[in-house]
Amino acid sequence: MKALVYHGPGNKAWEDVPDPTIIDPTDVVVKVETTTICGTDLHILKGDVPAVTDGRILGHEGVGTITEVGAAVTTLKVGDRVIISCISACGSCSYCHQGLYAHCLADEGASGIGWIFGHLIDGTQAEYVRVPFADNSLYKVPEGVSDDAAVMLSDILPTGFEIGVRYGKVEPGDVVAVVGAGPVGLAAIMTAGLYGAARVIAIDLDDNRLEMAKAFGATDGVNSGSPDFVETVKAMTDGLGVDVAIEAVGIPATFDTCLKLVRPGGSVANVGVHGKAVELPLQDLWIQDIAITMGLVSTSTTSMLLKLVAQKKLPAEKFATHRFTFDQMLEAYDTFGRAAETKALKVVIS
Ligand code: NAD
Ligand code: ZN
């Protein structure tokens, strides 16, 4: 089969590799029909994730059809159309029982980004993929849900919802600021409405992203390139500050923005992956009663979000802005990598 193979920092190729096979009885093999690219793939390609080594197939988002089923798989069969979760987890260890799939003690880790968990497994930017612990890592796609919508449930929608909206404890009537309107921030914006946020303020440096944010449910967009943007946002809350600030960029400056925007007693939900250490002014945070949360997506809410997508309550297909075939994988990377120019949000490869 063909797959997108990582060959060290800056190098990748769409090349022939052996087809995956069942290794453990809880595995299935999926023919990938739709995949997409995530910012994390770009981090890996830059060499920011040294544990991902030469020869690994990238990608951790996908939708496809099962072609082979291991002997111990109980809920899936050949021919099922499934979403491949970015986290594969056993479903039966003590962390899985708490919904903390990202911390699964079986240690298989996320496809293509298994570096976090120890084991490395090959990813979904390929014609076929082996999925470990299939019963707990795949979700059958209901009739009427498009691949474009379904593939957004592999990672970005659960991430924005679980780590942004839920960890931030958004409540009815809240004013929520989302700093960073990339796919993950937009997923938080889209799902903040599920808990009845009254106002969702998108903050980004890119006016195009702020426009998109409005189409995803933001009530306001504020460009953080303006020197007085913090005052602008505060003025929207009568000077009080926002109830919940969601960080969806992953740099110290935007984390700091969240600390400046949040009201006393409010929460900062950090979703961004911080390569650089962030300083915490604990004395100020203590005196202001600020709660800070963070985490790696568990995808424990995927089934619930999928029901909302199936009922047309979450228009997940809106993330898909550009379309490529599998043979155009390198072009897809190029378009996604130049998102500021190409205005790409999620590039769908099918
Ligand atoms: P992205 O790079 O596509 O989007 C980031 C957005 O932030 C862009 O719109 C950009 O214009 C904006 N931005 C950049 N600098 C800014 C600044 N100084 N002020 C305001 N806006 C700024 O990223 P994404 O794919 O949406 O992911 C967002 C973050 O979430 C990344 O750090 C990613 O690694 C992380 N992530 C976390 C998890 C998790 O499990 N917690 C899962 C997936 C992704
Ligand atoms: Zn487990």
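Residues numbered from 1 in each chain as written. Chains lettered and ligands numbered in written order. Predicted model: local features only at pLDDT ≥ 70, side-chain atom pairs only at ≥ 80, totals over all residues. Heavy atoms only, no water.

*Asks:* How should the nonpolar core be read in this particular structure?
*Replies:* As a rule of thumb, soluble globular proteins bury nonpolar side chains together. Ranked by internal contacts, the top residues of the largest apolar core, which has 58 residues, are Leu157, Leu186, Ile189, Ile246 and Phe319. Counting only elements with at least two residues in this core, the list comes to helix 4 (147-150), helix 5 (156-166), strand 8 (175-179), helix 6 (183-192), strand 9 (199-204), helix 7 (207-215), strand 11 (242-247) and helix 11 (302-310). With 6 residues, the top contributor of residues to this core is helix 6. Built from parts of two domains, this core gets at least three residues from each of domain 1 (2-155 + 298-349) and domain 2 (157-294). Contact partners of Leu186, with chain neighbours within four places excluded, come to Ala181, Met212, Ala213, Phe216, Phe319 and Leu345. Membership of the second largest hydrophobic core comes to 30 residues, among which are Trp14, Ile37, Ile44 and Ile349. (Core = buried A, V, L, I, M, F, W, Y, C linked by side-chain atoms within 4.5 Å. Buried < 20%, exposed > 50% of the residue type's maximum accessible area, 1.4 Å probe, protein only. Helix = DSSP H or I, 4+ residues; strand = E, 2+ residues; numbered from the N terminus. Domains from an automatic or database assignment. Contact = heavy atoms within 4.5 Å.)

*Asks:* For this particular structure, what's the right way to read the packing of helix 5 against helix 6?
*Replies:* Packed helices, taken two at a time, are described by the angle between their axes plus the distance between the axes. As a packed pair, helix 5 and helix 6 sit with axes 7 Å apart at the nearest point and diverge in direction by 65°. Viewed along their axes, helix 5 and helix 6 adopt a mutual orientation that is roughly perpendicular. Our pair here, helix 5 against helix 6, has a crossing hand that is right-handed. In this structure, helix 5 uses Ile156, Leu157, Thr159, Gly160, Phe161 and Val165 to contact helix 6, whose residues at the interface are Pro183, Val184, Ala187, Ala188, Met190, Thr191 and Ala192. The residue inventory of the contact of helix 5 with helix 6, partitioned by class, reads 10 nonpolar, 3 polar and no charged. (Axes fitted to C-alpha atoms, helices over the stretch in contact; angles between N-to-C directions. Parallel < 35°, antiparallel > 145°, perpendicular 65-115°, else oblique. Left-handed = near helix turned anticlockwise from the far one by under 90°. Nonpolar A, V, L, I, M, F, W, Y, C, P; charged D, E, K, R; others polar.)

*Asks:* What exactly am I supposed to notice about the environment of Pro172 here?
*Replies:* Mapping Pro172 onto the fold places it in the loop between helix 5 and strand 8. Between the C-alpha atoms of Pro172 and Val278, which are 106 residues apart in sequence, the distance is 30 Å. Once residues within four sequence positions are removed from consideration, Pro172 is found in contact with Tyr195 and Gly196.

*Asks:* Even after reading the chapter, I still don't get the pattern of salt bridges, so can you show me in this structure?
*Replies:* One side chain can pair with another of opposite charge once the charged atoms of both are near each other. Summed over all chains, the structure comprises 13 salt bridges. For the salt bridge of Asp27 with Arg130, the shortest nitrogen-to-oxygen distance reads 2.7 Å. Of this pair, Asp27 sits in the loop between strand 2 (12-16) and strand 3 (28-36) while Arg130 sits in strand 6 (residues 128-131), and the two are 103 residues apart along the sequence. Arg130 shares its class with Asp27; the two are buried. Notably, a salt bridge pairs Glu341 with Arg338, separated by 3.0 Å at the nearest N-O pair. The exposed category is assigned to Glu341, whose relative accessible area is 60%. Linked through salt bridges whose partners overlap, the residues forming this network are Asp24, Asp27 and Arg130. (Salt bridge = Lys/Arg side-chain N within 4 Å of Asp/Glu carboxyl O.)

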